[in-house]
Amino acid sequence: MLSDSVNTYLSMRRTLGFKLNTVQRYLASYERFATIAGDTHVRAKTAIKWAEQAASEDSRARRMDVLIRFARFVHADDSQHEIPPDKIFCHQRARRRPYIFTDEEVQRLIQEAHRLGPPGTLRSHTYSTLFGLLAATGMRISEALALRFSDITPDGIRICETKFRKSRLVCLHESVAAVLGQYLTLRRRVTGNDEHIFVSHRGGHKLGCDIAAETFRWVLEAAGIKGAEGGPKPHLHDLRHRFAIKALTICPDSRDRVARHMLALTTYMGHAHVSSTYWYLDSTPQLMSDIANACETFIQGDAP
C-alpha cells in the first residue's frame, strides 16, 4: 500500500516537471523500512526512526523534509497517514565560501587551457572556450556541457530545462560571441553525430562534468592559482560565483534600482528563488563592506 502511494506521489509531481531522483531514493528507503516495521500507512514514530539512521544531523533533516511533504500529500486522501512533526532535526549545512577569481586569474586560466594537448586536437580550444564562457555568462557547468548547436541563436544562448526545469536566454557580449563563433567553426569540423558543442577529444562524445572538473584542477595548478592559506580554495563552480558577484558590485545604489537589479540577476542566473541570489551579499567581504558603508551613510542621514 505504501509503495502504491509513493508511486502515485512521484508520478504526480513529475508531471509538474520535477525530476525527484533523490526523493525517489529516500522514499524507496522509507517504504522498505516501514514495510519491515509492519506499517501500511505513514507513522510518525517509524518515520523518526528511519530518519535517525542517517549519518549526520543535516542528512536526517533532509530525510524528514522529504517524508513530511509525502505524508501531507497522502494524508489529504487518507487521514490514517500521520504527518511527522517538523523541525525534529536541524539543517547544519553551511554553504562554502566562494573563491572569487580576479580578471588576471581568469586570463591565466584561459591561457593555460590553450596550452592543453594533444597537439592538433580540439581539446585546447574546447577548454579555453568552456572556461571563458563560464566566467563571462555565469552558467552552470551542467548547462554549458548540455549545449547543442541549435541552442546558439543570434539573440544569445538558449538554455533549456535547467536545474529547476526552467528555460532562459543568456545574452552574450559581442566579444564573447566572437570567440564562441570561432570555436564553433572548429567544432563543426569534428566528425560524428553528437550535436553537443563541447565534446571529448577522444571519442567525440559529450564532455562529462567529472572530466571537465578534473581538467580544470590541472589547469589551475598549471596557472599557479591556489588561493590564500586559510581562505577558500578555487573550484570550477566559482567561475559562476565570480560572475554573480561582479554583477552585484556594479549594482546601482538606489533602493528601487537595487531591487530590479537583483530580480534581473536571479532570472539570468536561473535561480529558483531570489534568496539564492541574496546569498552572495553575505558570502563576499567586499559586498558586506559596501552594505555596511551604505547602512552607516543611511543612519547618519546622508542618504539621498
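Before reading on, note that the structure itself is shown above.
Since we're looking at a predicted model, the values are computed, not measured. (Residues numbered from 1 in each chain as written. Predicted model: local features only at pLDDT ≥ 70, side-chain atom pairs only at ≥ 80, totals over all residues. Heavy atoms only, no water.)

Enquirer: Hey, could you run me through the nonpolar core in this one?
Expert: Here is a general trend for soluble globular proteins: nonpolar side chains tend to be buried in one another's company. Counting 37 residues, the largest nonpolar core has Phe 101, Leu 130, Phe 131 and Leu 239 as the members making the most contacts within it. Tallying contributions element by element places helix α6 (residues 123-137) first for this core, with six residues. Not counting residues within four places of it along the chain, the set of residues in contact with Phe 131 comprises Ala 113, Ala 212, Phe 216, Val 219, Leu 236 and Leu 239. One finds Val 23, Leu 67, Ile 68 and Phe 89 within the second-largest nonpolar core, a separate group that totals 23 residues. (Core = buried A, V, L, I, M, F, W, Y, C linked by side-chain atoms within 4.5 Å. Buried < 20%, exposed > 50% of the residue type's maximum accessible area, 1.4 Å probe, protein only. Helix = DSSP H or I, 4+ residues; strand = E, 2+ residues; numbered from the N terminus. Contact = heavy atoms within 4.5 Å.)

Enquirer: Help me understand the packing of aromatic side chains, please; the structure alone is not making it clear to me.
Expert: Two numbers describe a pair of aromatic rings. These are the distance of the centres and the angle of the planes. In the structure shown here, the tally under the stated rule is nine aromatic pairs. Geometrically, the ring pair formed by Tyr 26 and Trp 50 is edge-to-face, given 6.4 Å between the ring centres and 85° between the ring planes. Here Tyr 26, found in helix α2 (residues 21-36), pairs with Trp 50, found in helix α3 (residues 44-51); they are 24 residues apart in sequence, far enough to count as distant. Across the pair, Trp 50 and Tyr 26 agree in class, each one buried. Aromatic rings pair up to connect Tyr 99, Phe 101, Tyr 127, Phe 131 and Phe 216 into one cluster. (Phe/Tyr/Trp six-rings, centres within 6.5 Å; stacked < 30°, edge-to-face > 60°.)

Enquirer: What is the right way to read α2 from this model?
Expert: Note that an α-helix has 3.6 residues per turn; residues three or four places apart therefore point the same way. Here α2 contains 16 residues, and its C-alpha end-to-end distance of 23 Å stays within 8% of the 22 Å for a straight helix at 1.5 Å per residue. Those residues of α2 that fall on the buried side of the exposure criterion are Val 23, Tyr 26, Leu 27, Ser 29, Tyr 30, Glu 31 and Ala 34. On its buried face, α2 is in contact with α1 (2-14), α3 and α4 (57-77). Gly 38 sits one or two positions beyond α2 and adopts a positive phi of about 85°. (Expected span 1.5 Å × (residues − 1).)

Enquirer: I keep staring at the sheet that holds strand β2 (residues 156-159) and nothing clicks. Help me out?
Expert: Hydrogen bonding along the main chain pairs the strands of a sheet, whether they run parallel or antiparallel. Spatially, β1-β2-β3 is the arrangement adopted by the three strands of the open sheet, whose pairing is antiparallel. Strands at the two margins of the open sheet, each flanked by one partner only, are β1 (152-153) and β3 (168-170). As defined by bridge partners, β1 adjoins β2 across two bridges and the pair is classed as antiparallel. Bridge pairing in β2 places Ile 152 opposite Ile 157. (Pairing = 2+ DSSP bridges.)

Enquirer: Looking at this structure, I do not really get the environment of Ser 128. What am I missing?
Expert: As for its position among the elements, Ser 128 is in helix α6. Overall, the relative accessible area of 5% leaves Ser 128 in the buried class. Leave out the neighbours within four places in its chain, and Ser 128 touches Ile 110, Ala 113 and His 114. One polar contact links the side chain of Ser 128 to the main-chain carbonyl oxygen of Ser 124, over a distance of 2.8 Å. (Polar contact = N/O pair within 3.5 Å; in protein donor to acceptor, adjacent residues only side chain to side chain.)

Enquirer: Honestly, helix α10 (residues 238-249) in this entry has me stumped. Any pointers?
Expert: Taking 1.5 Å of rise per residue, twelve residues should cover 16 Å, and α10 covers 16 Å from first to last C-alpha, within 8% of that figure. Within α10, ten of the twelve residues are buried, which leaves the element mostly enclosed by the surrounding structure.

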